[in-house]
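A structural walkthrough
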Amino acid sequence: MGSSSPPSTPFCLHYFDMLYSEDVAWAAKGMGETSQSGVPGGRGEVKKEPEQCPIIDSQGLGLGGDGELQGELPLEEHSLEQMQSMVVGEVLKDIETACKLLNIAADPADWSPGNVQKWILWTEHQYRLPQLGKSFQELSGKELCAMSEEQFCQRSPVCGDVLHAHLDIWRSAAWMKEKAAPGDVRYCGSDSGWADSEVDSSCAGQPIHLWQFLKELLLKPHNYGRFIRWLNKEKGGWALLGSGEGSVGGSPQTSHPHSPHIGIFKIEDSAQVARLWGIRKNRPAMNYDKLSRSIRQYYKKGIIRKPDISQRLVYQFVHPL
DNA sequence: CAACAGGATTAGT
DNA sequence: ACTAATCCTGTTG
């Protein structure tokens, strides 16, 4: 109650204009490696990487069901509006995804200092921002929201402005969500109710398990496919796993009537997956060595195993639930 | 060298 | 009690 939060942010379109040009497009471009080498002065110019976007196509960019703006439409004014609302939808979905992954509220005003830290770490990670250190420690969400862009830059001269813009987007999204509940509207099933029903996989604040976390990442190839992905598609890849030659290993042991090649996933970027896990669990020292040890504990529990044809960074869920 | 396998111990719930 | 974090020794491709 009393939360007379000043809706100072009217959710103008400039934000999403900016967001689209800088964040979404940038992030969607696969954002190559370019660690932090490409973030010198901040937002002067968005350097357009010549890379094509390999993964965003899955289902992210429009063509959700009506628009065939695959690239031949001349982008009329109407299309522009459509484009904008589409981008807004994508941003809202990404925020929802991040909320579940980090286990934090959607509204920044509800964040604890720990939540703030998580959000900052995640934003750094997601958008390849330079490390902020602990310049925003001990700040609650409300305090964070009360800070001006100047204050952000004061704490982080390098990317305070970008961070502030990201926070503005989250606040705007939360503001929209609140506004979108005028009367009843019990989250009409249209939009995958993004209410705080907590993560489906972890009930009642029970600490999340590593295998659940991995499945959550795997559920969002749009967001995390660069780090971890299913390896089941396209049976083409499986044939030439032996790299050609017969390689008479000796025991063919092609038995295993059950347990086909389903539920197999590959960790493409072990360091990043470990980092996300560390953010989620508030374990800054997490690394793949330790994460993989936890995965190995699943062997005897029958949750995860190594596939029949063992490969580096490839594991398999025993229960394809 | 990085991934892999697992034993032992500690930490957090 | 259980899961996971940490740490470690040793193996493997």
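Residues numbered from 1 in each chain as written. Chains lettered and ligands numbered in written order. Predicted model: local features only at pLDDT ≥ 70, side-chain atom pairs only at ≥ 80, totals over all residues. Heavy atoms only, no water.

Chain A goes by SAM pointed domain containing ETS transcription factor in an unreviewed UniProt entry, where it is assigned to Meleagris gallopavo. Taken from UniProt, the Sequence similarities (unreviewed entry) comment for chain A reads in full: "Belongs to the ETS family." The UniProt entry for chain A carries this comment under Subcellular location (unreviewed entry): "Nucleus". (UniProt positions renumbered as here; feature names shortened; annotations may be inferred.)

So, on to the overall build of chain A. Across its full length, chain A holds 11 helices and 4 strands. Counting all 321 residues of chain A, 38% fall into the buried class. Sequence separation of 24 or more characterises 69% of the internal contacts of chain A that already satisfy a separation of 6 or more. As displayed, chain A has an accessible area near 19,400 Å², and 55% of this comes from carbon and sulfur atoms. (Helix = DSSP H or I, 4+ residues; strand = E, 2+ residues; numbered from the N terminus. Buried < 20%, exposed > 50% of the residue type's maximum accessible area, 1.4 Å probe, protein only. Contact = heavy atoms within 4.5 Å. Areas by Shrake-Rupley, 256 points an atom, 1.4 Å probe, with all protein chains shown as cover.)

Here the focus is the protein's contact with DNA strand C. Close to DNA strand C lie 13 residues, the nearest being L210, W277, K290, Y298 and K301. Each atom of DNA strand C within 4 Å of the protein belongs either to a base or to sugar and phosphate, the latter forming 87%. Interatomic distance of 3.0 Å between a backbone N/O atom of L210 and a phosphate oxygen of DNA strand C. A distance of 2.6 Å separates a phosphate oxygen of DNA strand C from a polar side-chain atom of Y298. Looking at the surface near DNA strand C, its residues break down into 5 nonpolar, 2 polar and 6 charged. (Near = heavy atom within 4 Å. Polar contact = N/O pair within 3.5 Å; in protein donor to acceptor, adjacent residues only side chain to side chain. Nonpolar A, V, L, I, M, F, W, Y, C, P; charged D, E, K, R; others polar.)

Let's shift gears to the protein's contact with DNA strand B. All residues adjacent to DNA strand B are S270, Y288, R293, R296, Y299, K306, Q311, R312, L313, V314 and Y315. A share of 48% of the atoms of DNA strand B within 4 Å of the protein falls on sugar and phosphate groups. Contact distances for DNA strand B include 2.7 Å between a phosphate oxygen and a side-chain N or O atom of Y299. Contributing elements (two or more residues each) for the surface near DNA strand B: α11 (288-301) and β4 (314-317). The greatest single-element share of the surface near DNA strand B, amounting to 4 residues, is contributed by α11. Of the residues contributing to the surface near DNA strand B, the split by class is 5 nonpolar, 2 polar and 4 charged.

On the basis of which strands lie adjacent, the open sheet formed by 4 strands has the order β1-β2-β4-β3 and antiparallel pairing. The open sheet terminates on both sides in strands that have one partner only, identified here as β1 (228-230) and β3 (304-305). Inspection of the sheet shows β3 paired to β4 by 2 bridges, in the antiparallel sense. Paired with I304 across the strands is F317, a residue of β4. Along the sheet face, helix α7 (residues 210-219) touches β1, β2 (264-267), β3 and β4 and points at about 75° away from the line of β1. (Pairing = 2+ DSSP bridges. Axes fitted to C-alpha atoms, helices over the stretch in contact; angles between N-to-C directions.)

What follows deals with the side chain of S156. Note on placement: S156 falls in the loop between α5 (149-155) and α6 (160-179). Leaving out residues up to four positions away in the same chain, S156 has contacts with L132 and F136.

Neither face of β4 is left uncovered, since the one carrying V314 and Q316 and the one carrying Y315 and F317 both have all their residues buried. Both β2 and β4 contribute to a ladder of 3 bridges, which runs antiparallel. Counted as the bridge partner of F265 is Y315 from β4.

In this model, α11 (14 residues) spans 20 Å end to end at C-alpha, consistent with the 20 Å of a helix rising 1.5 Å per residue. Of all the residues in α11, the buried ones are Y288, L291, S292, I295 and Y298. When α11 is viewed along its axis, its buried side chains cluster within an angular range of 95° and face the same direction. Facing away from the buried side of α11 by more than 90 degrees, the exposed set consists of D289, K300 and K301. A positive backbone phi angle near 70° is found at G302, which sits one or two residues after α11. (Expected span 1.5 Å × (residues − 1). Arc of directions from axis to C-beta.)

Running from N to C, α7 and helix α10 (residues 270-281) point in directions that differ by 120°, and their axes come no closer than 11 Å. What the angle tells us is that α7 and α10 run oblique. When the axes of α7 and α10 are compared, the crossing they make is right-handed. Taking contact as the criterion, the partners of L210, F213, L214, E216 and L217 in α7 are, on α10, V273, L276, W277 and R280. Here the residues of the contact of α7 with α10 sort into 7 nonpolar, no polar and 2 charged. (Parallel < 35°, antiparallel > 145°, perpendicular 65-115°, else oblique. Left-handed = near helix turned anticlockwise from the far one by under 90°.)

This part covers helix α2 (residues 77-102). Residues spaced three or four apart along an α-helix point in a common direction, a consequence of the helix completing one turn every 3.6 residues. With 26 residues, α2 should cover 38 Å at 1.5 Å per step; its first-to-last C-alpha distance of 37 Å lies within 8% of that length. Looking one or two residues past α2, N103 carries a phi angle of roughly 60°, positive in sign.

Taken as a whole and assessed by the stated rule, the structure comprises 0 disulfides. The thiol of C153 is not disulfide-bonded; the next cysteine sulfur, from C159, is found 8.9 Å away. Since its relative accessible area comes to 27%, C153 is described here as partly exposed. (Disulfide = S-S within 2.5 Å.)

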